[in-house]
Structures are given as C-alpha cells and as structure tokens.
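# Overview (structure and organization)
Here's the letter readout for the chains.
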Amino acid sequence: MYFFLELCVLTITFVLYWCHRGRRQHLKQRIGSQALTNIYEVARNVSFMLSKKDLIVRGDTALPHSGCILYSIHFGIWELMPYALRKMGYNLGIIVNKYSGDKSGLITRLLDLFLFNFRSRGGVRIFYKDDTMRIINFVRSGGLLGVLVDGDMFYSKFEKIKKLGRLCHVPVIPFAAYRSGKTGILTIGCSIDAVVETRPLDYLWFYRSRTTNNSIRT
C-alpha cells in the first residue's frame, strides 16, 4: 500500500514541477544540477508524512510544561512533529496558513479541509496567523507552539518568533524531523543549519513565501 502511495506522490510532484516554469527556474537557481534529486526526496518525505508514521524522538525531550515555542523550516517530515509530541502528553498547537478565501474554488477549500483534519489529529490545536491573542493565551497557559520560520530565506520569520517568545516569557527551541531509512526521527534542540548541511536535499528549495512580509506561518 505504501509503495502505491509513494508512486502517486512522486508522479504528482514531478508533474507539478514540470508544469510550473517559474518554480522550476527558482529551484535550479538555488540548487542547480540536484534539482530533480531534491524533487524526488521531497516527494518521498511527503509520502512518509501522508502515511502518518510514528517518530522516534531524540534530543531535549523534557520540554517545559509551562510552555515553549518550537520552530523549524520546511525540511524533511516536519508535519509529523505535532502529533508525535501530542502522543507524549504535551499540549500542542501549530500556526498554519489558510489557502482558501471568500472567492476560492472547490479544490482550494478541499485542500484546506484536508490539511486541517490531517494536522489536528490527536487533539493538536490549529491557529492562523491572525489569531494573535489566542496564540498568546495558548502559550502562556503552558501550550507548546510549533511554527516554521522560513520564507525566501531560512530565518525570514525568526525575529517575530523570538519576539513572541519574549512576550510570552517562554523559550524558543529548534527542531528537525527527517527520515532515516524507513524510520522517522524527530530531534529537539538541534542545529537546523547543521541538519540541512548534512541532508540538504530534504529541504524544499523550491519553497517561496507567498507574502513579502514576515508573517508567522508554517
């Protein structure tokens, strides 16, 4: 079953890549001759995330129950972090984008619905970037908030996340989630730069921020 899931995701990913000339050019500017290999690895990561496999958690697993902010980038299998920590008993919330609007089509609305159901499993709280007071109250009440800080650069939104941490009086801690063979690994308190240097093709080099500001988003 997993083989067919991965095959479908690989096919769709490569088709979308070839159909989007601007994204294709952006990717080649960033990673050059490894562009197709990057697409392949990203598709395999997406397949792994869709399969909802469990992760082995390493690093600083004694996270403060008084609240903290966990940050990363579009790397590896990041979508599986919230559920993994929720299963460990932590109160998890994440900031996400809503892709649909008042004039959006059916496909975009269905995508939002799918992502909401996928991300909220296990009781993970979902916040949007305009939910400022809800986010602050959640973190101050002991919640662990997951965010992605990259945009057109790795740390485009990191300053806003640090500001949120100071406002809520909680630590800001990096994480990375990735595949190792058939195993998913979540490392808390790691160096994101070092992880990307070791596994550069697990990053979405074709990812671009949809806005020019530094909004908090994942």
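First things first, this report covers the structure right here in the doc. (Residues numbered from 1 in each chain as written. Predicted model: local features only at pLDDT ≥ 70, side-chain atom pairs only at ≥ 80, totals over all residues. Heavy atoms only, no water.)

### Focus on the overall build of the protein
- Of the regular secondary structure elements, the protein holds 8 helices and 7 strands.
- For 218 residues, the compact-globule estimate of 2.2 N^0.38 gives 17 Å, and the protein sits close to it at 17 Å.
- When the backbone C-alpha atoms are referred to their principal axes, the protein occupies close to 45 × 40 × 35 Å.
- Looking at the 218 residues of the protein, the share that counts as buried comes to 50%.
- The contacts in the protein between residues at least 6 apart in sequence include a share of 75% that link residues at least 24 apart.
- Surface accessibility of the protein: about 11300 Å² in total, with carbon and sulfur atoms responsible for 57%.
- Looking at the protein, you have 31 positive and 15 negative side-chain charges, and the mean spots of the two groups are 4 Å apart. (Helix = DSSP H or I, 4+ residues; strand = E, 2+ residues; numbered from the N terminus. Rg over C-alpha atoms; globule rule 2.2 N^0.38 Å. Buried < 20%, exposed > 50% of the residue type's maximum accessible area, 1.4 Å probe, protein only. Contact = heavy atoms within 4.5 Å. Areas by Shrake-Rupley, 256 points an atom, 1.4 Å probe, with all protein chains shown as cover. Lys, Arg positive; Asp, Glu negative; His and termini not counted. Charge placed at Lys NZ, Arg CZ, Asp CG, Glu CD.)

### Digging into the pattern of salt bridges
- Overall, the coordinates contain 7 salt bridges when judged by the stated rule.
- Glu159 is the partner of Lys162 in a salt bridge, and the nearest nitrogen-oxygen pair spans 3.3 Å. One end of the pair is Lys162 and the other is Glu159, both in helix α7 (residues 158-168) and 3 residues apart, which spans about a single turn.
- The salt bridge involving Asp202 is made with Arg199; its shortest N-O contact spans 2.8 Å.
- By relative accessible area, Asp202 is classed as buried at 4%.
- Arg199 sits in the partly exposed class, given a relative accessible area of 26%. (Salt bridge = Lys/Arg side-chain N within 4 Å of Asp/Glu carboxyl O.)

### Examining the layout of surface pockets
- Space inside the largest pocket adds up to approximately 1300 Å³.
- Along the wall of the largest pocket there are 31 residues; nearest its centre are Leu16, Val46, Leu111, Leu204 and Phe206.
- Counting residues per element, the lining of the largest pocket draws most heavily on helix α1 (residues 2-19), at 7 residues.
- Split into classes, the residues belonging to the lining of the largest pocket amount to 20 nonpolar, 5 polar and 6 charged. (1 Å grid on protein atoms, 1.4 Å probe; cavity = no way out; pocket = protein on both sides within 12 Å on 5 of 7 lines; lining within 4 Å. Points joined across faces, edges and corners; volume = space filled by probe spheres on them. Nonpolar A, V, L, I, M, F, W, Y, C, P; charged D, E, K, R; others polar.)

### Let's talk about the packing of aromatic side chains
- Applying the stated criterion across every chain, the model contains 10 aromatic pairs.
- With centroids separated by 6.2 Å and ring planes inclined at 85 degrees, the aromatic side chains of Phe154 and Tyr155 adopt a geometry described as edge-to-face.
- Given a relative accessible area of 31%, Tyr155 falls into the partly exposed group.
- Look at Tyr203 and Trp205: their rings are 4.9 Å apart centre to centre, the planes differ by 80 degrees, and that puts the pair in the edge-to-face class.
- Its relative accessible area of 15% is what places Trp205 among the buried residues.
- What links up through ring pairs into an aromatic cluster is the set Tyr71, Phe154, Tyr155, Phe158, Tyr203 and Trp205.
- Positioned above the aromatic ring of Tyr2 is the side chain of Lys53, whose terminal nitrogen or guanidinium carbon lies 4.1 Å from the ring centre. (Phe/Tyr/Trp six-rings, centres within 6.5 Å; stacked < 30°, edge-to-face > 60°. Lys NZ or Arg CZ within 6 Å of the ring centre and 35° of its normal.)

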